[in-house]
Amino acid sequence: MKVKQRGINPSNWKKDVRCPHCQTLLEITVKDISIRTEANRNFWGTKKITTYFRVKCSECNGKFRILKENLPERIIDYLYDHRDPNDFLIDFITCYFS
């Protein structure tokens, strides 16, 4: 079997995104993306937990979200597998006690 074109590899994956705060064009890698989880309650008190991907701009230090639809599935799996335990614990406490 011959490989004609390699697939997505988290070690060399890159994506260009624009910071919505300062309009800087950034080239991000998996190391620049963090996973955050938040809990929101509606009018009746039902809790909805939302997970999103966040990037911090190196120019203005503004934080912004990247939609899951804009990330390849392999990158999403890699981010979940290599999630920072401290972030996971903070998110768990925030969602559980909110």
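Basis of the calculations
Residues numbered from 1 in each chain as written. Predicted model: local features only at pLDDT ≥ 70, side-chain atom pairs only at ≥ 80, totals over all residues. Heavy atoms only, no water. Helix = DSSP H or I, 4+ residues; strand = E, 2+ residues; numbered from the N terminus. Buried < 20%, exposed > 50% of the residue type's maximum accessible area, 1.4 Å probe, protein only. Pairing = 2+ DSSP bridges. Axes fitted to C-alpha atoms, helices over the stretch in contact; angles between N-to-C directions. Contact = heavy atoms within 4.5 Å. 1 Å grid on protein atoms, 1.4 Å probe; cavity = no way out; pocket = protein on both sides within 12 Å on 5 of 7 lines; lining within 4 Å. Points joined across faces, edges and corners; volume = space filled by probe spheres on them. Nonpolar A, V, L, I, M, F, W, Y, C, P; charged D, E, K, R; others polar. Core = buried A, V, L, I, M, F, W, Y, C linked by side-chain atoms within 4.5 Å.

### A short note on the side chain of Thr37
Thought 1: Within the element layout of this structure, Thr37 appears in strand E3 (residues 33-41).
Thought 2: On the accessibility criterion, Thr37 (13% relative accessible area) is buried.

### A look at the sheet that holds strand E5 (residues 63-66)
Thought 1: Spatial strand order, E3-E4-E5: 3 strands in an open sheet with antiparallel pairing. The two strands at the open ends of the sheet, each matched to only one other strand, are E3 and E5. For this sheet the average axis-to-axis angle between neighbouring strands, irrespective of direction, equals 50 degrees.
Thought 2: Across 9 bridges, the pairing between E3 and strand E4 (residues 47-56) is antiparallel. Paired with Thr37 across the strands is Thr51, a residue of E4.
Thought 3: Sitting on the sheet, helix H1 (residues 73-81) touches E3 and E4, and the angle it makes with E4 is about 100 degrees.

### A few points about the layout of surface pockets
A probe as big as a water molecule, rolled over the atoms, marks out the empty space that is left.
Thought 1: Within this model, the largest pocket holds a volume of roughly 210 Å³.
Thought 2: Contributing to the lining of the largest pocket are Val30, Lys31, Ile33, Ser34, Ile35, Tyr78, Leu79, His82, Arg83, Asp84 and Asp87.
Thought 3: Elements that contribute at least two residues to the lining of the largest pocket include exactly E3 and H1.
Thought 4: The element best represented in the lining of the largest pocket is E3, accounting for 3 residues.
Thought 5: Within the lining of the largest pocket, the residues separate by chemical class into 5 nonpolar, 2 polar and 4 charged.

### Points about the nonpolar core
Thought 1: Core analysis: the largest hydrophobic core is formed by 17 residues, its most contacted members being Ile33, Phe64, Leu71 and Leu79.
Thought 2: Counting only elements with at least two residues in this core, the list comes to strand E2 (25-28), E3, E4, E5 and H1.
Thought 3: In terms of residues, this core owes the most to one element, H1, which gives 3 residues.
Thought 4: Once you skip the residues sitting within four places of it in the chain, Ile33 turns out to touch Trp13, Ile28, Phe53, Arg54, Val55, Leu71 and Leu79.

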